[in-house]
Amino acid sequence: MGNLMWREETTNWLRNYAMEFDDAPDLNCYEQVLSNGQGSGGACTAYSLLPKILYPGLIITNAVNCQDFRIGEATIKDIQRAFTEKKLTSRELVDYYLHRIRALNPVLRGIPVLLKDSIATKDKLNTTAGSYALLGSVVPYHAGVVERLRSDSAVILGKASMSEWYHFRSLTIPAGWSARSGQAVNPYAPGRDPCGSSSGSAISVAANMVTVSLGTETDGSLICPGDHNSVVAIKPTVGLTSRAGVIPLSLRQDTIGPICRTVSDAAYVLDSIVGFDPRDSEATKAATKFIPAGGDKQFLNEDGLRGKTLGVVRKPFVDLSNTSLASQVFEGHLHTLRQLGARIVDYLDIANIDVIMNPVLCGESLALLAEFKLGINDYLKELTTSPVRSLADIIAFNTNNPDLERMEEFGQEIFLAADLTNGIGEEEKKAVEMMKKLSQDGFEKLMLENELNAIVTLGSDVSSVFAIGGFPAITVPAGYDTDGMPFGMCFGGLKGTEPSLIEIAYAFEQATLIRKPPLFDSVESNCKDIEHFAYGLFVHQSTYTEKVLKRFYMNTVHSLASLMVVRSLDVRNDQFRPLEDGENILDPEVPYLSAIGALIYLANCTRPDINFSRSVKQSLTATSSNHSEIIAIHETGRECVWLRNMTHHIQTSCILTSIKDSPTICMKTMQLVLHNSEEAISKVTRRNIFLQNSFIHTSFKRMATSISNNFAQVTIFNAVVGKYGSSGSAISVAANMAAVSLGTETDGSILCPSSFNAVVGIKPTVGLTSRAGVIPISPREDTIGPICRTVSDAVYVLDAIVGFDYNDEATRKASNYIPRGGYAQFLKADGLEGKRLGLVRNPFFKFEENHVAKTFENHLQTLRKKGAVFVEIDDGKASLDYSSSAEETALLAEFKISLNTYLRELIASPVRSLADVIAFNEKFPDLVQIVNI
């Protein structure tokens with residue numbers, strides 16, 4: 001019975017595989033194999049025809065000798081052996097896991113999605129395009145994109161507001177307004193334009209009402225609201241996503257796309273919604289050739305700009321930008337694109353751009369009027385129930401309900417013009433042909449002649465270029481105007497170039513991380529919003545990567561930094577208020593909450609049972625002065641030192657000096673914040689006091705080390721540790737922040753943190769790994785080594801980093817120690833057999849706790865059982881005295897010589913010698929904690 005069920009389940013899976021992939025072998029062969037069984041007759045040969053990414057756990061069989069290889073539960077050694085024996089390729093293995101993940105855990109499983117109010121759902125949700133005319137109508141089926149989302153286990157959360165009838169009812173209706181929902185508000189600049197008919201979809205994502213939304217675009221309705229609301233929006237090639245079940249405007253130009261806060265989220269959603277739909281067969285069939293095998297998420301490549309050629313079209317798009325600030329930021333981003341490996345072809349012109357940008361001259365307006373009437377009439381006729389069945393009915397409804405639809409204020413002149421059309425006549429055909437020719441002679445010719453991967457423009461005004469030709473585009477947050485109004489960078493390409501656009505957009509996004517949350521009515525409400533999100537984030541922290549956490553905290557820093565410019569925490573009445581006339585945020589008499597300080601405050605607020613805000617209030621009631629002050633905060637077993645430098649307006653961070661029974665979650669949060677404090681302070685203060693210097697890592701090293709050691713105290717052994725420099729590397733591996741890290745050791749800085757944080761650390765022979773490019777202490781003692789969770793992983797990493805480097809003479813001699821075939825060959829379970837191990841008990845075996853001594857003795861017994869022979873060494877001459885061994889004397893001289901050499905070689909640095917570093921520390925004593933350290 002079990003075999004029959006397995007065969008049926010596998011056969012069903014095979015059928016799905018065969019339908020999805022063109023290169024799938026004959027399904028009859030599969031079913032014959034499954035029927036015959038592996039051990040029957042010639043089944044071995046037939047079985048070898050099965051694709052090697054079969055149903056999870058299936059056996060891959062070699063056709064020659066029938067030796068089996070099971071992917072499920074395979075170890076690294078097993079996989080490597082299969083590679084060697086030609087039973088498996090890396091691509092096959094990756095494909096297997098991708099399909100395994102897709103089958104068992106869809107990316108969108110459980111993710112709430114908001115839909116634009118023109119995307120139909122056959123449920124209790126209305127689909128009205130923002131109009132009362134369609135309220136109560138019943139659709140016959142889910143929209144094609146909704147069915148795909150549901151099949152991927154996404155949750156349809158609701159409908160997002162939109163510009164009524166795609167802003168196609170009247171020219172006087174403002175963007176974002178509809179009769180049903182009123183005026184949508186830009187969350188960044190409430191008085192500014194939210195833009196586009198998908199404005200509600202963009203606002204909901206920007207304001208953290210939802211993670212994912214879908215919008216539609218005919219001309220600018222995805223790209224523009226994405227640009228104006230600081231989110232990522234993808235306008236797919238027309239036909240890539242089904243329009244079935246979506247209220248139409250123009251089937252020639254309509255497309256459905258994702259709006260998210262990140263490029264990666266948008267790519268995942270795009271993967272979910274693309275594909276053939278028999279209800280929109282002509283367009284989706286033609287576009288299926290553009291869907292890459294493996295989906296678009298494979299192109300989320302941080303190095304995606306390298307080798308790309310981007311064309312910059314300035315006229316008229318840069319000229320149309322509202323401020324010179326946006327233009328300046330645009331120039332900076334072009335420089336970033338070049339640094340990331342892109343070739344920039346600047347000052348390109350699209351032929352007839354002035355005609356393309358004018359909807360009347362290019363023929364777009366004429367074509368849309370006729371296309372809308374035809375499309376909306378067809379849509380309304382298919383509805384199961386509807387109070388209106390034609391465009392004429394809608395016009396009549398508006399006329400009969402002037403108050404509901406605010407007819408006196410806005411009118412419906414576009415509807416009236418559309419209703420006068422009589423299908424696609426000669427004039428409309430000419431208009432369509434004109435747009436086709438404008439695209440061929442303009443954008444397409446520009447792309448092909450210059451061999452461009454994409455064009456890049458500032459803002460979203462370029463949307464008409466992509467609209468009339470059905471081309472794809474993606475917008476990524478690029479900056480904010482002086483009043484907080486966002487603007488984006490738009491990347492567009494030829495049909496089917498979504499993979500390239502995603503690579504470009506993702507690389508740009510990851511290099512800049514511009515986006516920040518919107519600012520609400522007050523700092524207090526903003527902090528509460530972020531606090532609630534933070535709590536939810538860390539309740540499920542195991543599902544988040546460090547990169548995600550970093551982005552969250554850095555966004556918080558950006559948000560609070562902007563708020564601190566215009567508001568202050570008045571400690572006299574514990575209220576946030578705008579700065580009064582004549583007040584200066586730099587004035588030591590003006591109380592304020594530093595951005596990083598507020599960030600640490602929020603990190604602590606992730607515990608709902610701790611009212612940490614009371615401690616913040618108490619700390620800020622201390623009298624400010626011209627010198628940097630230290631404020632002690634005490635709260636439920638927690639003591640913090642807050643540093644505020646009033647003179648230079650440098651907000652630093654919180655150092656935990658004592659932690660008792662604090663939650664791991666809080667420590668992980670604060671460790672992460674301090675680890676990134678360099679970048680946070682750089683972006684918050686916008687000053688050049690020390691922020692761009694190459695020694696900033698050293699300036700913050702002790703801060704990060706301090707918090708890391710306290711984190712280790714809580715999570716590992718609950719013991720006080722913390723004088724060794726690679727603690728952060730060890731902690732990151734121990735806490736599963738990384739699988740592999742590198743540390744350096746002069747004396748104990750790999751071995752000690754590894755020991756205290758329950759990880760494996762290898763201190764290599766000096767010279768075995770190159771020290772070139774590493775800030776030195778002593779070339780005589782310095783070495784670089786791996787820190788991992790297992791010996792095997794550490795050995796694999798060691799194999800990767802050893803070897804001769806002409807920039808480090810020590811590696812020449814040490815290269816003789818590298819065994820032929822590498823170190824991985826010595827990963828032997830019986831490796832202790834016959835080994836002689838020296839045992840030096842004095843002074844190392846002075847354990848303060850008896851159970852530690854007993855444990856160690858047990859381990860010694862295990863070593864003996866495994867074949868090791870111990871040689872007791874106890875001559876009493878071993879010394880751990882740092883001074884008497886002369887190491888201190890040598891290191892002092894070596895450090896000065898080697899550091900001065902290192903600093904002189906830097907291309908740019910504010911310090912060029914140890915003396916300069918000392919002077920810097922004395923100039924900023926609070927910043928580098930001269931008093932505390």
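This text follows the structure it describes.
Residues numbered from 1 in each chain as written. Predicted model: local features only at pLDDT ≥ 70, side-chain atom pairs only at ≥ 80, totals over all residues. Heavy atoms only, no water.

### A short note on the pairing of strand 8 (residues 232-235)
Alternating residues of strand 8 divide into Val 232 and Ile 234 and Ala 233 and Lys 235, and every residue in both groups is buried. Alignment of strand 8 against strand 9 (residues 255-260), held across 2 bridges, turns out to be antiparallel. Considered in strand 9, the bridge of Ala 233 is made with Ile 259. As paired strands, strand 8 and strand 13 (residues 473-480) are joined by 3 bridges and run antiparallel to one another. Within strand 13, the residue paired with Lys 235 across the bridge is Ala 473. (Buried < 20%, exposed > 50% of the residue type's maximum accessible area, 1.4 Å probe, protein only. Helix = DSSP H or I, 4+ residues; strand = E, 2+ residues; numbered from the N terminus. Pairing = 2+ DSSP bridges.)

### Things to note about the state of the cysteines
One covalent bond between the sulfur atoms of two cysteine residues makes up a disulfide. Applying the stated criterion across every chain, the model contains 1 disulfide. The disulfide partner of Cys 195 is Cys 224, and the S-S distance across this bridge is 1.5 Å. Where Cys 195 bonds to Cys 224 through sulfur, the torsion about that S-S bond is close to 95 degrees, and the disulfide is right-handed. Taken together, the residues span a long stretch of sequence, with Cys 195 in the loop between strand 6 (182-183) and helix 7 (199-206) and Cys 224 in helix 8 (residues 223-228) at a distance of 29 residues. The exposure class assigned to Cys 195 is buried, which follows from its relative accessible area of 8%. Since its relative accessible area comes to 10%, Cys 224 is described here as buried. (Disulfide = S-S within 2.5 Å.)

### Re helix 14 (residues 391-400)
Taken as a whole, helix 14 has its buried residues at Leu 391, Ile 394, Ile 395, Phe 397 and Asn 398. Looking straight down helix 14, one finds that the buried residues subtend no more than 160 degrees of arc, so they occupy a single side. Where the residues of helix 14 are buried, they touch helix 13 (364-382), helix 15 (402-405), helix 16 (407-410) and helix 17 (413-419). (Arc of directions from axis to C-beta. Contact = heavy atoms within 4.5 Å.)

### A look at the packing of aromatic side chains
Going through the model one piece at a time under the given rule, you end up with 10 aromatic pairs. Ring centres of Trp 165 and Phe 415 lie 5.7 Å apart, and the angle between their planes is 70 degrees; on these two criteria the pair is classed as edge-to-face. Within this pair, whereas Trp 165 is found in the loop between strand 4 (155-160) and strand 5 (177-178), its partner Phe 415 is found in helix 17, the two being separated by 250 residues in sequence. Comparing Trp 165 with Phe 415, the two get one shared label, buried. Among the aromatic residues, those joined into a cluster by ring pairs are Trp 165, Phe 168, Phe 372 and Phe 415. Taking NZ or CZ as reference, Arg 314 lies 4.4 Å from the ring centre of Tyr 347, over its face. One Lys or Arg, Lys 516, reaches over the ring of Tyr 480 and ends 4.6 Å from the middle of that ring. (Phe/Tyr/Trp six-rings, centres within 6.5 Å; stacked < 30°, edge-to-face > 60°. Lys NZ or Arg CZ within 6 Å of the ring centre and 35° of its normal.)

### Considering the sheet that holds strand 20 (residues 740-745)
Pairing in this open sheet of 3 strands is antiparallel, and the strands run 20-22-21 from one edge to the other. A single partner strand is all that each edge strand has here, and the edge strands are strand 20 and strand 21 (760-761). The pairing of strand 21 with strand 22 (residues 783-788) spans 2 bridges and is classified as antiparallel. Bridge pairing in strand 22 links Val 760 to Cys 788. In the packing of helix 28 (residues 727-734) onto the sheet, the strands contacted are strand 20 and strand 22, and the crossing angle to strand 20 comes to about 160 degrees. Together, strand 20, strand 21 and strand 22 form the strand contacts of helix 30 (residues 791-801), whose direction differs from that of strand 22 by roughly 145 degrees. (Axes fitted to C-alpha atoms, helices over the stretch in contact; angles between N-to-C directions.)

### Overview of unusual backbone geometry
The omega torsion across Lys 315 and Pro 316 is 0 degrees, close enough to zero to call that bond cis. With respect to the helices and strands, Pro 316 occurs in the loop between strand 10 (309-313) and helix 11 (324-339). One non-glycine residue with positive phi stands out, namely Asn 352, at about 60 degrees. On the accessibility criterion, Asn 352 (42% relative accessible area) is partly exposed. Its identity as a non-glycine residue notwithstanding, Arg 406 has a phi of 50 degrees, on the positive side. In this fold, Arg 406 is placed in the loop between helix 15 and helix 16.

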